[in-house]
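One letter stands for each residue in the lines below.
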Amino acid sequence: QSWQVVVTPHDSLGAGEAGTSSIVVQNSAPEVVDASITPEGAGTLDELLCIAGETTDLDGDEVTYKYSWWVNGVSTETEGETLDPSHHTKGDTVSCAVHPTDGDAEGLMAPSNDLLIENTPPTVASVVVGPDFISTGDTVTCEYIGFHDPDGDDEPDNTTYQWFVNGLPIEGAS
């Protein structure tokens with residue numbers, strides 16, 4: 001923006017010669033207060049989102065963002081607002097930073113707090129109860145197929161069983 005002022009001196013008998021001066025107002029860089037990562041309590045399979053905090057631009061320019069991500073203090077080279085779960089696993093510490101820009105100037109980056117990647121519960125593909133036809137006194141068995149722990153093979157399989165009859169738990173049955 002260019003501002004100009006014209007000053008014209010006056011007395012009771014007339015106006016004098018005008019004087020002028022101008023100044024160019026420089027662009028101000030945008031500012032972001034902070035950044036955060038969601039979801040809180042993220043696990044191994046969660047995509048992470050870096051969110052910019054309160055942002056101001058004194059010139060009223062539209063602000064866009066660039067992003068940086070780190071896992072255990074090492075840059076992932078990811079520049080988008082999301083971090084794919086392939087970059088982290090249980091126990092990793094993840095952080096991001098937001099870099100605001102108004103197209104003319106880039107503001108200072110705003111870092112997030114660290115986010116610790118938590119445990120992701122295991123899953124089973126299916127549960128099978130058998131045999132298909134039973135009578136009073138028969139032994140009923142249960143098997144599960146496809147145990148998967150996304151946190152890795154070093155996690156033990158501590159699967160538990162709870163039997164129910166007509167919706168009521170059977171104490172001591174395993």
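As a starting point, this report considers the structure included with it. (Residues numbered from 1 in each chain as written. Predicted model: local features only at pLDDT ≥ 70, side-chain atom pairs only at ≥ 80, totals over all residues. Heavy atoms only, no water.)

1. Regarding the nonpolar core
I37, L48, C50, W69 and V94 are the most contacted members of the largest nonpolar core, which totals 16 residues. Those elements that place two or more of their residues in this core are β6 (35-38), β7 (48-52), β9 (64-71) and β12 (93-101). The residues touching C50, leaving out its near neighbours within four places in the chain, are A35, S36, Y67, W69, E81, C96, A97 and V98. (Core = buried A, V, L, I, M, F, W, Y, C linked by side-chain atoms within 4.5 Å. Buried < 20%, exposed > 50% of the residue type's maximum accessible area, 1.4 Å probe, protein only. Helix = DSSP H or I, 4+ residues; strand = E, 2+ residues; numbered from the N terminus. Contact = heavy atoms within 4.5 Å.)

2. Description of the packing of aromatic side chains
Within this structure, the stated rule accounts for two aromatic pairs. Summarising the aromatic geometry, the rings of Y144 and Y161 are spaced 6.3 Å apart at their centres and angled 45° between planes, so their arrangement reads as tilted. On the criterion of sequence distance, the pair formed by Y144 in strand β16 (residues 141-145) and Y161 in the loop between β16 and β17 (164-165) is long-range, its members being 17 residues apart. (Phe/Tyr/Trp six-rings, centres within 6.5 Å; stacked < 30°, edge-to-face > 60°.)

3. Quick notes on the state of the cysteines
Considering all chains together, one arrives at one disulfide under this definition. Across a sulfur-sulfur distance of 2.1 Å, C50 and C96 are joined as a disulfide pair. Sign of the S-S torsion, about 75° for the bond between C50 and C96, identifies this disulfide as right-handed. In this pair, C50 is assigned in strand β7 and C96 in strand β12, connecting sequence segments 46 residues apart. For C96, a relative accessible area of 1% corresponds to the buried category. (Disulfide = S-S within 2.5 Å.)

4. Things to note about the sheet that holds β6
The sheet built from three strands is open, its strands ordered β6-β7-β11 with antiparallel pairing. Edge positions in the sheet fall to β6 and β11 (82-83), since each of these pairs with one other strand and no more. (Pairing = 2+ DSSP bridges.)

5. A short note on the environment of G16
If you trace the backbone, G16 turns up in the loop between β3 (14-15) and β4 (19-24). Overall, the relative accessible area of 36% leaves G16 in the partly exposed class. On a C-alpha basis, the gap between G16 and V127 in space is 97 Å, while along the polypeptide they are 111 residues apart.

6. Examining the pairing of strand β1 (residues 2-7)
Among the six residues that make up β1, zero are buried, leaving the element largely open to the surroundings. Sheet topology places β1 next to β4; six bridges connect them, and they run antiparallel. By the bridge assignment for β4, Q4 is matched with S22.

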